[in-house]
Amino acid sequence: MPQHQFIRFALTLSYDQYLKVYQGMAKNVSVVADDGRRIAFPAGKVQIFLTNQGINGYFEMELTPENKFVSIKKLN
C-alpha cells in the first residue's frame with residue numbers, strides 16, 4: 001500500500017513578493033525541494049506563515065500517494 005510522501009524545502013518570499021498573490025499576479029509558489037524536485041503549489045497553502053517580513057523558513061509538505069495536498073508545517 002503506497003504511503004504518504006513528505007517533501008522538505010526552504011522558502012524565502014518577501015512581503016512584497018507575496019503581495020503579488022493578493023494583486024492577482026501570482027497564484028502558485030514554485031520551489032526546489034531537498035531531493036531536487038521542483039514543486040509548485042497554491043500560494044494560499046503558505047499564507048498562514050506570512051509575517052510583516054514575508055515568509056521565511058524550512059517547511060515539510062505532506063501529500064497522499066495520489067499527490068493530493070494533506071498539510072504543510074514549518075520545521076524548526
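Look a little higher up for the structure.
So, a few notes on the structure that sits alongside this text.

The rules behind the values
- What you see as residue numbers is a count from 1 along each chain, following the sequence as written.
- With pLDDT at 70 or above as the cut-off, local features in this predicted model cover only qualifying residues; side-chain atom pairs require 80 or more to be listed or tallied, and sums for whole chains, interfaces and linings still use all residues.
- To get the side-chain values, all heavy atoms of the structure are used, and hydrogens and water are removed first.
- Take the buried Ala, Val, Leu, Ile, Met, Phe, Trp, Tyr and Cys residues and link them wherever side-chain atoms come within 4.5 Å; each set so joined is a nonpolar core.
- Exposure classes here rest on a 1.4 Å probe applied to the protein chains alone. A residue is buried below 20% of its type maximum, exposed above 50%, and partly exposed in between.
- Residue contacts are defined here by distance: any two heavy atoms, one from each residue, within 4.5 Å place the two residues in contact.
- Only runs of H or I of at least four residues qualify as helices and only runs of E of at least two qualify as strands under DSSP, and these elements are numbered from the N terminus.
- Whether two strands pair depends on DSSP finding at least two bridges between them.

**Observations concerning the nonpolar core**
Ranked by internal contacts, the top residues of the largest apolar core, which has 18 residues, are Phe9, Leu11, Val29, Phe41, Val46 and Ile55. In this structure valine 29 touches Leu11, Leu13, Ile39, Ala40, Phe41, Ala43 and Val46, once residues within four positions along its chain are discounted.

**Notes on the pairing of strand E4 (residues 55-63)**
Summarising burial for E4: seven of the nine residues are buried, a large majority. In the sheet, E4 pairs with strand E5 (residues 69-75) via six bridges, with the strands oriented antiparallel. Paired with glutamate 60 across the two strands is lysine 73, which belongs to E5. A loop of five residues connects E4 with E5, the two strands running antiparallel in sequence, and asparagine 67 in this loop sits at a positive phi of about 65°.

**Re the side chain of threonine 64**
With respect to the helices and strands, the residue threonine 64 is situated in the loop between E4 and E5. Judged by relative accessible area, which is 15%, threonine 64 ranks as buried. Not counting chain neighbours up to four residues away, the residues in contact with threonine 64 comprise His4, Gln5 and Val70.

What is shown is where atoms sit, not what they do.
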